Amino acid sequence: MTLVAILSGAGISTDSGIPDYRGPNGLWRKDPEAEKLVTYDCYMSDPDIRRRSWQMRRTSATWNARPNAAHRAVAELERSGTPVRVITQNVDGLHQLAGLPARKVLELHGTARKVVCTRCHARSPMAEALARVEAGEADPPCTVCGGILKSATIMFGERLDPVVLGEAMAIAKACEVFIAVGTTLQVQPAASLAGIAVEHGARLIVVNAEPTPYDELAAETIREPIGTALPALLMRLTAAMDGAGDGSDGDGNDAAVDGGRGDTGSRG
């Protein structure tokens, strides 16, 4: 069966109330200083940055966010029997909350739902650390060794987990359809997965409001709102693959990609 890989970025979660970072209304454009709160060297060297970071986490939109139609559509695709792997740049855990098995989600940038000690590497739920902040600890230390705690996300200045990245690259090489959704495809090495997929014969579909550097490699680009565009695309893929399985369509992948080009702006 056709392996579908989905690279998801911040844009897939904006309908859930989580703002993106680099879009026209992104956090970094509104408040460039906020980037320091998630920069490793600043965080480790400046207690004030850590205190501000904990307050940012405490009020994060992630805790009230719920999966939207796009997340649910991905989970439904997996439940239909289609082999699906999600490679996400997001740290919100909404793919899993939508019902996608955790083993089928690769979190390239870690998760905001856990904390990790920078000294002993002990991990624990973010909720426990935030409860300590609410109780008055401005910069709660590790309960195991007293080291500095941080969210279990990849901050600026940190390297991606090489094991997770390696698994993502293997998926990009093995898939037959690669969908990049809600990502500017500007952050490396995550963005390079789209190119790797194309080099190994996958059909690339880009679903994003703004142009990306990989649009020229895409068989199809979709600029429509993700909450409606992605469910429609995945339904089209499912129908095409079901048709191929029934012998009614000799090339399910081509039908899935080509079926809506005239309306969605193939190749920009």
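Residues numbered from 1 in each chain as written. Predicted model: local features only at pLDDT ≥ 70, side-chain atom pairs only at ≥ 80, totals over all residues. Heavy atoms only, no water.

1. Details of unusual backbone geometry
Inference 1: Put simply, Gln188 and Pro189 share a cis peptide bond, and its omega is 5°.
Inference 2: Although it is not a glycine, His121 adopts a positive phi angle of roughly 70°.
Inference 3: Considering the arrangement of structural elements, one finds His121 in the loop between strand S4 (110-117) and strand S5 (123-125).
Inference 4: The exposure class assigned to His121 is exposed, which follows from its relative accessible area of 56%. (Helix = DSSP H or I, 4+ residues; strand = E, 2+ residues; numbered from the N terminus. Buried < 20%, exposed > 50% of the residue type's maximum accessible area, 1.4 Å probe, protein only.)

2. Here we look at the layout of surface pockets
Summary: where empty space remains is shown by rolling a probe the size of a single water molecule over the atoms.
Inference 1: Approximately 420 Å³ is the volume attributed to the second largest pocket.
Inference 2: Contributing to the lining of the second largest pocket are 24 residues, with Gly110, Arg123, Ala152, Thr153 and Ile154 lying nearest its centre.
Inference 3: Broken down by secondary-structure element, the contributors of at least two residues to the lining of the second largest pocket are S4 and strand S6 (149-153).
Inference 4: Sorting elements by how many residues they give to the lining of the second largest pocket places S4 first, with six residues.
Inference 5: In terms of residue class, the lining of the second largest pocket is made up of eight nonpolar, eight polar and eight charged. (1 Å grid on protein atoms, 1.4 Å probe; cavity = no way out; pocket = protein on both sides within 12 Å on 5 of 7 lines; lining within 4 Å. Points joined across faces, edges and corners; volume = space filled by probe spheres on them. Nonpolar A, V, L, I, M, F, W, Y, C, P; charged D, E, K, R; others polar.)

3. Thoughts on the side chain of Thr39
Inference 1: Relative to the elements of secondary structure, Thr39 occurs in the loop between helix H1 (27-30) and helix H2 (40-45).
Inference 2: A polar contact of 2.8 Å, which involves the side chain of Thr39, links it to the backbone oxygen of Glu35.
Inference 3: Ignoring sequence-local partners within four residues, the contact set of Thr39 consists of Met155 and Phe156. (Polar contact = N/O pair within 3.5 Å; in protein donor to acceptor, adjacent residues only side chain to side chain. Contact = heavy atoms within 4.5 Å.)

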